[in-house]
Amino acid sequence: DGFASQPKAAAGRSGVYDALIVGAGFSGLYQLLRLRDRLGLAALVLEAGDGVGGTWYWNRYPGARCDSESHSYSYYFSEELLRDWEWSERYPEQPEILRYLNHVADRFDLRRDIRFGTRVSAARHDEAENLWRVTTEAGESFAARFLITAVGCLSTANVPNIPGLDEFKGEWYHTGQWPHGGVDFTGKRVGQIGTGSTGIQAAPVIAAQAAHLTVFQRTANYSVPARNAPLSPDFLRWSKENHAEIRRVMHSTTNGHPFTISERSALDATPEERLSAYEAAWEKGGLQFRAAFRDILTDKAANDTAAEFIRAKIREIVKDPETAAKLTAFDHPFAAKRPPIDTEYFETFNRPNVSLVDVRASPIERITPRGIETRDAEHELDVIVFATGFDAMTGPLLNIDIRGRGGLRLKDAWAAGPRTYLGLGVPGFPNLFTVTGPGSPSVLCNMPVAIEQHVEWITGCIEHMRKRGLGLIEAEADAADRWVEHVNEAADATLLPQASSSWYLGANVPGKPRVFMPYAGGMAWYRGICEDVAAKGYEGFALA
Ligand code: N01
């Protein structure tokens, strides 16, 4: 794997680690591997769950699967690992991804440096000692030179504050905190709030089991068929023989997916050519629908052509015109919110046991002991499923009481929105690295690609510091200001900020500052910027 066979690092001297890593998902596992086996550092992962997997440990809701294609939703750092593992379907299902991450943890012997059931509650930079002092919910303390957050972007469940939930006599669940034993919907009347990527995956599976499913929709959402299917032996062989090429494509695109984006404008094509391109993309299925033309995400008129095509498809699928009208009452450009992909989502509304409630027209007023009351009606339910998303990107970080120089709280530093340099460092918070932090491409990219780049960059930076005997790194305030400005400019060059209720903007959480959080300039471009910063001796960071 290209790793030096260095002796394994001893446990931290006098209880002090070189690095503490928060989270044992895709990011934390790889960060541990790089620091421990590549640099020989004493690193420890603190993980709230009882197992590895992060997102895939918690999100066990019905129908949970990844929207990135399996062969690209993998670590690419190890040829052996790529050869060892075989995915079964075009899109990996949650249990399979969890098995994969467990396989990685076993294969690289990572578990011995992970503390499970350990939720970090606070982290304080001790300036006198130049150490991070970390405390857990159980009251344990740890200390380390570097603190690396690998907490994910979508790990803080957002359960809306609807009056009456406490009095509800039935069961309720948030999809991101799903019971490990599953939920039996047989014979139950189920209400699902939310029609994002999660809700669109869950609804068809719940509907197939429940007595009745009522979907409460606030914002009509676009979706394109996933066209999931078992992977053929030919495809598996091809993907195993072409790792380098697949990696090259993923590293060359804006979104880290293994497909290229058309160079053609939707507006240069004739209506017939456009229709034929969209039909082909619809048949192929998946996130690459967005790549049918180069300007779908940047030009409203081009976007309108895609939106109109999808609207027509939904109208064709959904038999009841009134339901079809609600499902297509879009208020934002296609893909300005993260576009879901689905397996028979719209078809689900043709089932006799499924109904759709438009809660924009008739808002949810309260939850009663018997169900959900909207302005117009009470819907009696046995189970409520909150597919209501997450306090994205900043939520997982601000849930920890992180304090930097002079006791500066991250919450205060980010009162007006996140302020980072490259999404990797925060002024006032020395020796803190945020894997896929706000201001990095993260959620706009196929996540493992974004994660590997961040982890490798952080590892390189720490290696650089060690070689030069440096013990402190901190993002400079000017560099962070310029970066935040650039993140805004990059977003404004796209249609993404036009979705006014999007979690990219923090708009799904009441009171959260409305700032476009991920970097929309593209993963390939971003990678170049990070490499350049490193080549210039970590320009924009102060090192000592
Ligand atoms: O969450 P969301 P998600 N009353 O925030 C609604 C990733 N992901 O869990 O649009 C009524 O997108 C809300 O309505 P509105 C992916 O990046 C990936 O679905 O705010 N409704 C919306 O419909 C994704 O984008 C995968 O008006 C309320 C829904 O709940 C991200 O995770 C799978 C409400 C929330 O949608 C988050 O997706 C799943 C209220 N009070 C997720 N509050 C794969 O790769 C919220 N809503 C497969």
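Provided above is the structure to which this section pertains.
Here's a quick rundown of the structure. (Residues numbered from 1 in each chain as written. Predicted model: local features only at pLDDT ≥ 70, side-chain atom pairs only at ≥ 80, totals over all residues. Heavy atoms only, no water.)

### Brief notes about the environment of K337
Within the secondary structure layout, K337 lies in the loop between helix 10 (321-327) and strand 11 (341-342). A relative accessible area of 18% places K337 in the buried class. Between the C-alpha atom of K337 and that of S78, which follows or precedes it by 259 residues, the distance is 33 Å. Apart from residues lying up to four places away in sequence, K337 is in contact with T219, H332, A499, S501, S502 and Y504. Of the polar contacts made by the side chain of K337, one reaches the side chain of S501; its length is 2.7 Å. (Helix = DSSP H or I, 4+ residues; strand = E, 2+ residues; numbered from the N terminus. Buried < 20%, exposed > 50% of the residue type's maximum accessible area, 1.4 Å probe, protein only. Contact = heavy atoms within 4.5 Å. Polar contact = N/O pair within 3.5 Å; in protein donor to acceptor, adjacent residues only side chain to side chain.)

### Observations concerning the packing of helix 14 (residues 447-467) against helix 16 (residues 523-535)
Taken N-terminus to C-terminus, the directions of helix 14 and helix 16 make an angle of 0°; their axes are 11 Å apart at the nearest point. Between helix 14 and helix 16, the interaxial angle falls into the category roughly parallel. The residues of helix 16 that touch helix 14, namely those facing V449, A450, Q453, H454 and W457, are M523, Y526, R527, C530, V533 and A534. Each residue belonging to the contact of helix 14 with helix 16 can be placed in one class, and the counts come to 8 nonpolar, 2 polar and 1 charged. (Axes fitted to C-alpha atoms, helices over the stretch in contact; angles between N-to-C directions. Parallel < 35°, antiparallel > 145°, perpendicular 65-115°, else oblique. Nonpolar A, V, L, I, M, F, W, Y, C, P; charged D, E, K, R; others polar.)

### Brief notes about the sheet that holds strand 14 (residues 371-374)
The strand order across the open sheet built from 3 strands is 13-14-15, with neighbouring strands paired in antiparallel fashion. The outermost strands of the open sheet, each flanked by one partner alone, are strand 13 (364-368) and strand 15 (378-380). Taken pair by pair, the neighbouring strands of this sheet meet at an average axis angle of 20°, ignoring direction. The pairing of strand 14 with strand 15 spans 3 bridges and is antiparallel. (Pairing = 2+ DSSP bridges.)

### A look at the pattern of salt bridges
Scanning the entire structure with this criterion turns up 36 salt bridges. The shortest N-O distance in the salt bridge between R133 and D126 comes to 2.8 Å. Looking at D126, the relative accessible area reads 12%, which means it is buried. When the shortest N-O distance is used, the salt bridge between D391 and K512 registers 2.6 Å. Residue D391 is located in the loop between strand 16 (383-386) and helix 12 (395-398), and its partner K512 is located in the loop between helix 15 (477-492) and helix 16; the two are separated by 121 residues in the primary sequence. (Salt bridge = Lys/Arg side-chain N within 4 Å of Asp/Glu carboxyl O.)

### Section: empty space enclosed by the protein
Applying the stated criterion across every chain yields a total of 6 cavities of 30 Å³ or more. Considered as a void within the structure, the largest cavity measures approximately 150 Å³ in volume. What lines the largest cavity is a set of 15 residues, among which H71, L82, W85, W87 and K240 lie closest to the centre. Listed by contribution, the elements that provide at least two residues to the lining of the largest cavity are helix 3 (79-84), helix 6 (233-241) and helix 7 (243-252). No other element matches helix 6, which puts 3 residues into the lining of the largest cavity. Its residues placed into classes, the lining of the largest cavity shows 9 nonpolar, 4 polar and 2 charged. (1 Å grid on protein atoms, 1.4 Å probe; cavity = no way out; pocket = protein on both sides within 12 Å on 5 of 7 lines; lining within 4 Å. Points joined across faces, edges and corners; volume = space filled by probe spheres on them.)

### Quick word on the sheet that holds strand 12 (residues 354-358)
Taken in spatial order, the 5 strands line up as 7-16-8-9-12 in an open sheet, and their pairing is parallel. The two strands at the open ends of the sheet, each matched to only one other strand, are strand 7 (171-174) and strand 12. With direction set aside, neighbouring strand axes in the sheet form an average angle of 20°. Relative to the sheet, helix 5 (residues 197-209) contacts strand 8 (189-193), strand 9 (212-217), strand 12 and strand 16, its axis offset from that of strand 8 by approximately 175°.

### A closer look at unusual backbone geometry
Within the chain, N130 stands out as a residue other than glycine whose phi angle is a positive 50°. Summarising the element assignment, N130 is placed in the loop between strand 4 (120-126) and strand 5 (131-136). Positive phi is not limited to glycine here, since T436 has a value of about 50°. Its place among the elements puts T436 in the loop between strand 18 (432-434) and helix 14. Classification of T436 by relative accessible area gives buried; the value is 3%.

### What to know about the site of the ligand
Close to the ligand lie 23 residues, the nearest being R65, T198, R218, T219 and K337. S197 places a polar main-chain atom, nitrogen or oxygen, 3.0 Å from an oxygen atom of the ligand. Between R338 and the ligand, the recorded distance is 3.2 Å, taken from a side-chain N or O atom to an oxygen atom. Within the complex, 89% of the 900 Å² of free accessible area of the ligand lies under protein. A total of 3 residues in the shell around the ligand trace back to one element, the largest contributor, which is helix 5. For the shell around the ligand, the residue count by class is 8 nonpolar, 10 polar and 5 charged. (Near = heavy atom within 4 Å. Areas by Shrake-Rupley, 256 points an atom, 1.4 Å probe, with all protein chains shown as cover.)

### A few points about the packing of helix 1 (residues 26-38) against helix 14
Running from N to C, helix 1 and helix 14 cross one another at 30°; their axes reach a closest spacing of 9 Å. With respect to their mutual orientation, helix 1 and helix 14 come out roughly parallel. Read as a crossing pair, helix 1 and helix 14 show a hand that is right-handed. Judged by residue contacts, F26, S27, Y30, Q31, R34 and L35 of helix 1 engage P448, I451, E452, V455, E456, I458, T459 and I462 from helix 14. (Left-handed = near helix turned anticlockwise from the far one by under 90°.)

### Some points on the layout of surface pockets
For the second largest pocket, the calculated volume is near 250 Å³. Along its surface, the second largest pocket is lined by 16 residues, and E69, H71, F235, P258 and K284 are the ones closest to its centre. Taken together, the elements giving at least two residues each to the lining of the second largest pocket come down to helix 6 and helix 7. Looking at which element gives the most residues to the lining of the second largest pocket, the answer is helix 7, with 3 residues. For the lining of the second largest pocket, the class distribution of residues is 9 nonpolar, 2 polar and 5 charged.

### Description of the packing of aromatic side chains
Under the criterion given, the structure shown has 37 aromatic pairs. With a centroid separation of 5.7 Å and 40° between ring planes, the pair formed by W457 and F541 is classed as tilted. Within this pair, whereas W457 is found in helix 14, its partner F541 is found in strand 20 (residues 541-543), the two being separated by 84 residues in sequence. Between Y519 and Y526, the aromatic rings sit 5.9 Å apart at their centres with planes inclined by 50°, giving tilted as the arrangement. (Phe/Tyr/Trp six-rings, centres within 6.5 Å; stacked < 30°, edge-to-face > 60°.)

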